[in-house]
Amino acid sequence: GFVTSRATSYGIETGFSNNTIQILNNTASDNGNSGIFTNACAGCLIDNNVALRNISYGINTTNNSSGQRNQIISRNTAGNNGLKGIYNSDYEGVVISNTAYGTTGTGATDGGIYANGPSLVFNNISFGNAGLGITTGWQSSKGVYANNLSFGNKSHGFYSQSADNIVFNNNV
């Protein structure tokens, strides 16, 4: 991995419609937008990275509609970022064993971990955020949130926003 710091926009960015890219063992801090940003990246793996003090998001995966699926976001640490620590807009994505803390955003969906669509969200820790701890995305369906720990957040520990068929199991 490598270290990126103080970029005017993204610390690490993949262009539009990439597939099976691996972003492993990096540190992205103090960047002008997101620390790590993927755009319509099917089957990407974002694993064991550290994203600290980025203006917007620590890790931001976006534009992952029906054709761009199955990102895995695992074993990352996102701390003291602006809007969200980890933002997963992937449909059928997996968010597992991450830690998000100290996010400063206080908007309706800002907080530690935000997952959209029918995502699997397991074994994460989210704490000390100015907004939400762990939340489902707007109008998500069929997601499973299990074995997560969320504490010390100013707003909700867990929040489901206009979602259907979401399973919350064994969360604290």
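Quick note: structure is the one above.
Chains are numbered independently. Their residues run from 1 in the order of the written sequence. It should be noted that, the model being predicted, local features are given only for residues of pLDDT at least 70 and side-chain atom pairs only at 80 or more, the latter also being counted only at that level, while totals for whole chains, interfaces and linings use all residues. Hydrogen atoms and water are omitted, and side-chain values are computed over all heavy atoms in the structure.

Here we take up a nonpolar patch on the surface. Residues with no salt bridge and a relative accessible area higher than 30% make up the patches, which join like charges within 9 Å and nonpolar side chains (Val, Leu, Ile, Met, Phe, Trp, Tyr) within 5 Å. In these tables, accessible area is a Shrake-Rupley quantity obtained with a 1.4 Å probe, and a residue counts as shielded only by the protein chains included in the view. Salt-bridge detection follows one rule: a side-chain nitrogen of Lys or Arg within 4 Å of a carboxyl oxygen of Asp or Glu. A cluster of nonpolar side chains, namely Ile 125, Leu 149, Phe 151 and Val 172, defines an oily patch on the protein surface of about 330 Å² accessible area. Numbered from the N terminus, helices here are DSSP runs of H or I no shorter than four residues, and strands are runs of E no shorter than two. By the element assignment, Val 172 lies in the segment after strand S21 (167-169).

Turning our eyes to something else, we now look at the pattern of salt bridges. In total, this model carries 3 salt bridges according to the counting rule given. Residue Asp 47 is joined to Arg 75 by a salt bridge in which the shortest nitrogen-to-oxygen separation is 2.6 Å. Linking Asp 47 in strand S6 (residues 45-47) with Arg 75 in the loop between strand S9 (72-74) and strand S10 (77-79), this pair joins segments that are 28 residues apart in sequence. When its relative accessible area of 11% is taken as the criterion, Asp 47 is described as buried. Asp 110 is the partner of Lys 84 in a salt bridge, and the nearest nitrogen-oxygen pair spans 3.3 Å. Separated by 26 residues along the polypeptide, Lys 84 in strand S11 (residues 84-88) and Asp 110 in the loop between strand S13 (99-101) and strand S14 (111-115) bring together distant segments of the chain. Owing to a relative accessible area of 4%, Lys 84 belongs among the buried residues under this scheme. Each residue is placed in one exposure class: buried if its accessible area under a 1.4 Å probe, protein chains only, is under 20% of its type's maximum, exposed if it is over 50%, and partly exposed if it falls in between. The class of Asp 110 is buried, set by a relative accessible area of 9%.

Okay, the environment of Val 144 next. Tracing the sequence through the fold places Val 144 in strand S18 (residues 144-146). Each C-alpha atom, one on Val 144 and one on Cys 41, is 22 Å from the other, the two residues being 103 residues apart in sequence. Ignoring anything within four residues of it in the chain, the contact list for Val 144 reads Ser 119, Leu 120, Val 121, Phe 122 and Val 167. The contact criterion used is simple: two residues touch if any of their non-hydrogen atoms lie within 4.5 Å.

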